[in-house]
Amino acid sequence: MAAQSLAAIAQQLHPGSAPSTQAAINPNVTSTPAYNFTGLNAERSTYGFTGAGQTVAVIDTGIAYDHPALGGGYGANYRVVGGYDFAANDANPYDDGPLGGHGTHVSGIIASNDVNNPGLATGVDLVGLRVFDSNGNGSFDAVDKALQWVHTNRFAFRNPITTVNLSLGADWNSSTVPNWANLENDFLQLKNDGIFIAVAAGNAFANYGTPGLSYPGASSYVVPVAAVDASGNLAGYSQRLDRVIAAPGSDIRSTAPDYIGNLDGKTNDWITMSGTSMATPYVAGASVLIRQALQFAGYKNINEDTINYVMRNTADSIYDSATNQSYKRLNLQAAINSIIPADEFGNTSSTAYSLGTLVGRTSVSGAITRLDDKDYFSFVAGQSGTVTFTATVDGTMSAKWELAGTAGTTTGNTFSVSVVAGQTYSVGLSTGGGIGHYRLDVASSVAAANWGAVDFKQISGVDLSSGDNWFAATASQAGLFTVQALFAQAGGNIDIELYNANNQLVASGNVNGYGERLDFTATAGQSFFVHVRGSNTDVNFRLTNLVSQNGLNVNVNGTSVNDAFAYTAGAMQTVTVNGVDYQFSSASAKYFTFNGGAGVDAIAITGTAGAETATLRVGSVSVTGAGYSVQASNVQRILLDAGGGNDQVTMYDSLGNDTLDFTPTSAHLYGSGYDLLVRNASTVLAYSSGGGDTANFTDSAGDDQFYGFYGSAGEVGAGYHNIAAGFQYVNAFSTGGNDTAYFYDSPSNDWFLATPTWQRMLSVANQTQTNNFKNVYAYASAGGYDKTYLYDSVGADQFVGLANSAVMSGANYSNTVVGFALVSANASGGNDSTFLHDSAGADTLYMTPTWSAFMDGKVYYQVNNFRNVTVFSYNGGKDTVNFTDSVGDDVLGGSRGAASLTGANFSNSAQGFGIVNATTSAGYDTANFSSVDYVFNLLGKWKSPYAARV
């Protein structure tokens, strides 16, 4: 601000009249020696603050924002990010001529990024608020609106508005504001917003000759700025008061629009001006740098008073002979020096901060507080391998590394060095950019043999004679990561430890069986180091990462090869994976899931003495008991030991040809590619879904019962009940006890075959056979024309035929058939006997020396090769018997109510028949009668007193 307007026309403003920008233009001066008093250059070379992250509002004649030093454009992607023209009432705050240029010059002092003519804050953004028209006329009303605009838009841009520059004022010289002042409320609002307000002190000291300030510099809410000349003393034109801060204002070179420059049509001009208008942006720019330094030092709630306090308490004192008083002159270097904290760490390798013996991971935080600062850290390598330094930085800092005595590898903010255990190293950190804070993470990784990703892995015969070994491994899934070391103690003791990727100890081994074991809950992909201490030349390692727990759920996975799983129920439940045991209390885990994955996998499940329910299928099993549940899939071999109790087990076969083997204590279902075995279950039900399947039943030593139905079969004994449904072939074996078998036919035609040692029911779709049962019953009641063929033993057997049933029995066996349409009894030797009984209707009997046929109501009996055959006709009906003799000498006999035909090795007798027909064909046959109470017909040449019908 000077005693002249921008048009260089002197004028005195009356209270309430429009303010003017005031500066003296001298185009011939190109240097700014007064800058040397503020330490600006030293600050730049020491700290490098640029004001990045802040915005300054310049309330003036506007800004020629197309000047290259001011960003070359206007808007969000440029340095001049926004603004408003309150003189023309539009959104384009360009610094128009002919009486402009003042605001552009002020803006360059604050923010020029020209290499040869830099402003104070080369990284700050600007907002242009034009309050003067092209003729240099303005009003406090426009300034009032501009100040309100700053409050409203202080957070509207990419960086907040932190500073306002007012290089303007009215004709006034006082320590207090005039009564016409209208900006006080605006200033108070902005001050409460934390915004620093720099205002020109005024250029009229020569007129007044006494201390005082122009308005609005006289406001108590702003920081008034006086000007110093090239010698560092107060400029003769500068108004002054004890609360001013003085800064360079004479012959200041800065940016200008083309119309006050060389008029070459390019906005790239530079001119010099003098006045408190030039000192004000110097202080505004300094406030931006001081605020940045305070933020760097960790200060919060920074405001105008905070910054002004730093400025005044670090300022130089200059004596003014005109007023016989001393005033404060800005010392920017001293101001920032007072803010930046002292260096925490040594800046040479000999004064390095010691990290101690490094094993694992450590971290330290600090700051590079000067551009030439270096922080050194020393450490002793606790293990051979690699030490990595990773710097997380803020601000404009970029990590730059040094290593005393050896070379390292740098990748961005990361530095790695190979180390040897026991040796000392020193690493230096500096910046390749600006200053900033850092967090330094230091990790020591060992030179370790890589075991790779682990699901289940066994490493046998490892030689650990060196006494200290490291191995790297990675968890393949989230869950328990188990390491076992198996060795003979006689070969030397081994201790194992588990370190994470940061070399932090996470688990230690415990003695377990013939070695040591440790468990750690890992995340998928987590890397570990296994540290083995001790010497032994033959150690087997087993690593397992297949078990995980989530609440009450335990999941067990298989690998890509064959796996063996096991689960044992109880108060302490045990899960075994490939020989590795895990225990879970019944309170901590209830639901267990196994997934075999690839390979041929097996699972063994052991239940309790209580009641369990289980379902076994090809490749899967589900078991539920009191307080637990087990599910397994993708397992080809399944063993379930139900543990006794009232267990209910269901089994399902494949679509191929399968075999089921039942015993009182087991059920074994197997086929191509699978094997299901159940033990100690009270009830087992097995289903066949197709194919030529076979079910085999084997009984207990006690008395058992077997039931063969069409489409199903079952066996019951003490403590067990086995059922097979849908099997094509069923075999039952009796191995002891007084066992009984029951057969039932199908709705179609069936055949039942029975011998003293085996019995077989043949139906359309299935075949059921029993073996060595003492008592067998076969029932034909479902329909069809059913036939039975009964065979004797080599001993004396007996066959009995009734109206609807028949029994073939002998030593230790009895075969009974009921409801069959055809019954054939066959004797093969021995003194065998047959007894047939008629029905209530008219029955016909045929008897020969080798066979007899009897139509007994609905049943057709045929007996073959029985030595003694007796048929009874006592149930009524007109029954007829037909005898046929042998080729030998036979005897036909008749007594009251009976007739018989006997010969060599046979004896046929008919009891109670009303009609008897006898035929002789060969031999010397004899007919003897003692009773004639029935019709007796003799056919052929019988040797008898009677040769005709009697």
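Nothing here was measured: the structure is a model prediction, and the numbers come from that model. (Residues numbered from 1 in each chain as written. Predicted model: local features only at pLDDT ≥ 70, side-chain atom pairs only at ≥ 80, totals over all residues. Heavy atoms only, no water.)

Describe the overall build of the chain, listing the residues and the values that go with them.
Counting its regular elements, the chain contains eight helices and 75 strands. Dimensions of the chain, computed from C-alpha atoms along their principal axes, come out at roughly 190 × 75 × 45 Å. Considering only residue pairs separated by 6 or more positions, the chain has 72% of its internal contacts joining residues 24 or more positions apart. Counting only carbon and sulfur atoms, one obtains 49% of the accessible surface of the chain, whose full area is about 36,800 Å². When the 39 basic and 73 acidic side-chain charges of the chain are each reduced to a single mean position, those positions are 2 Å apart. (Helix = DSSP H or I, 4+ residues; strand = E, 2+ residues; numbered from the N terminus. Contact = heavy atoms within 4.5 Å. Areas by Shrake-Rupley, 256 points an atom, 1.4 Å probe, with all protein chains shown as cover. Lys, Arg positive; Asp, Glu negative; His and termini not counted. Charge placed at Lys NZ, Arg CZ, Asp CG, Glu CD.)

Before we move on, could you go through the side chain of Thr740 and cite the residues and values that matter?
Of note, Thr740 is situated in strand E54 (residues 740-744). You can call Thr740 buried: its relative accessible area is 11%. Residues within four places of Thr740 in sequence aside, it is in contact with Asp704, Gln705, Phe706, Phe773, Asn775 and Tyr777. (Buried < 20%, exposed > 50% of the residue type's maximum accessible area, 1.4 Å probe, protein only.)

Go over the packing of helix H3 (residues 140-152) against helix H4 (residues 184-192), please, and point to the residues and values.
At a closest axis distance of 10 Å, the pairing of H3 and H4 adopts a crossing angle of 20°. In terms of axis orientation, H3 runs roughly parallel to H4. For the pair H3 and H4, the sense of crossing is left-handed. Side by side, H3 and H4 meet where Asp144, Leu147, Gln148, Val150 and His151 of the first sit next to Asp186, Phe187, Gln189 and Leu190 of the second. A class-by-class count of the residues in the contact of H3 with H4 yields four nonpolar, three polar and two charged. (Axes fitted to C-alpha atoms, helices over the stretch in contact; angles between N-to-C directions. Parallel < 35°, antiparallel > 145°, perpendicular 65-115°, else oblique. Left-handed = near helix turned anticlockwise from the far one by under 90°. Nonpolar A, V, L, I, M, F, W, Y, C, P; charged D, E, K, R; others polar.)

An account of helix H2 (residues 102-111) is requested, with residue identities and associated values reported.
Extensive coverage of H2 is indicated by the burial of ten of its ten residues. Turning to H2, its buried residues number three or more, namely His102, Gly103, Thr104, His105, Val106, Ser107, Gly108, Ile109, Ile110 and Ala111. Considering only its buried residues, H2 is in contact with strand E2 (55-60), strand E4 (125-130), strand E5 (161-166), strand E11 (252-256), strand E12 (269-274) and helix H6 (276-296).

Before we move on, can you summarise the environment of Val817 with the specific residues and values?
In this fold, Val817 is placed in strand E62 (residues 813-818). With ten residues separating them in the primary sequence, Val817 and Val807 have C-alpha atoms 6.3 Å apart. Residues in contact with Val817, not counting those within four places in the same chain, are Phe752, Ala778, Thr788, Leu790, Asn804, Ser805, Ala806 and Val823.

Which residues make up unusual backbone geometry, and what values go with them?
The residue after Gly97, namely Pro98, is reached through a cis peptide bond having omega 10°. Relative to the assigned elements, Pro98 resides in the loop between strand E3 (80-85) and H2. With an omega of 20°, the peptide bond running from Tyr215 to Pro216 counts as cis. Among the secondary structure elements, Pro216 is positioned in the loop between strand E8 (213-215) and strand E9 (223-228). Even without a glycine there, the phi angle at Asn812 is positive, about 65°.

Quick one: what's the story with the nonpolar core, residue by residue and with numbers?
Within the largest apolar cluster, 93 residues are counted, with the highest numbers of intra-cluster contacts made by Phe594, Leu616, Met651, Phe752, Phe799 and Phe883. The residues touching Phe752, leaving out its near neighbours within four places in the chain, are Phe743, Gln759, Arg760, Met761, Val776, Ala778, Lys787, Thr788, Tyr789, Leu790, Val817 and Phe820. Of all hydrophobic cores here, the second largest spans 56 residues; its members include Tyr94, Ile110, Ala284 and Ala367. (Core = buried A, V, L, I, M, F, W, Y, C linked by side-chain atoms within 4.5 Å.)

Explain the packing of aromatic side chains residue by residue, including any values.
In total, this model carries 46 aromatic pairs according to the counting rule given. A centroid spacing of 6.2 Å and a plane angle of 65° characterise the contact between Phe854 and Phe913, whose relative ring orientation is edge-to-face. With Phe854 in strand E66 (residues 851-856) and Phe913 in the loop between strand E72 (906-911) and strand E73 (915-919), the pair connects residues that are 59 residues apart, well separated along the chain. Phe854 sits in the buried class, given a relative accessible area of 0%. Each ring, one from Phe872 and one from Tyr874, has its centre 5.9 Å from the other, and the planes form 40°; the classification is tilted. Judged by its relative accessible area of 18%, Phe872 falls in the buried class. An aromatic cluster is defined as three or more aromatic residues linked by ring pairs; in this entry it consists of Phe662, Phe697, Phe706, Phe743, Phe752, Phe773 and Phe820. It is Arg240 that lies over the ring of Phe205; its NZ or CZ is 3.7 Å from the centre. The side chain of Arg760 reaches across the aromatic face of Trp758, ending 4.6 Å from its centre. (Phe/Tyr/Trp six-rings, centres within 6.5 Å; stacked < 30°, edge-to-face > 60°. Lys NZ or Arg CZ within 6 Å of the ring centre and 35° of its normal.)

Lay out the sheet that holds strand E14 (residues 325-329) with the relevant residues and their values.
The strand order across the open sheet formed by nine strands is E3-E4-E2-E5-E7-E9-E10-E14-E13, and the pairing between neighbours is mixed. Strand pairing shows two members of the sheet lacking a second neighbour, E3 and strand E13 (316-320), which therefore form its edges. Averaged over all pairs of adjacent strands, the angle between strand axes in this sheet comes to 30°, irrespective of strand direction. For E2 and E5, the ladder comprises four bridges, and the chain directions are parallel. Looking at the pairing, Thr55 lines up with Ile161 of E5. (Pairing = 2+ DSSP bridges.)

Explain the sheet that holds strand E32 (residues 527-533) to me, using residue names and the numbers behind them.
Two orientations exist for strands paired in a sheet by backbone hydrogen bonds: parallel and antiparallel. The sheet built from five strands is open, its strands ordered E24-E26-E32-E28-E29 with mixed pairing. The outermost strands of the open sheet, each flanked by one partner alone, are strand E24 (449-454) and strand E29 (505-508). Pairs of neighbouring strands in the sheet enclose a mean axial angle of 25°, with direction left out of account. Relative to E32, strand E26 (residues 468-475) runs antiparallel, the two sharing seven bridges. Paired with Ala472 across the bridge in E32 is Phe529.

Report on the confidence of the model for the chain, specifying residues and quantitative values.
Residues with a pLDDT of 70 or more make up 94% of the chain, whose mean pLDDT is 90. Low confidence marks residues 1-31, where pLDDT is under 50. Its contacts with residues over four positions away, or in another chain, come to 85 contacts. Segment residues 945-950: pLDDT under 50, and eight contacts once partners within four positions in sequence are set aside and those in other chains are kept. (pLDDT = per-residue confidence, 0-100.)

Requested: an account of the pairing of E73, with residues and values cited.
Along E73, four of the five residues are buried, which leaves the element largely enclosed by surrounding structure. Pairing between strand E69 (residues 880-884) and E73: five bridges, direction parallel. Counterpart to Phe883 in the pairing with E73 is Ala918.

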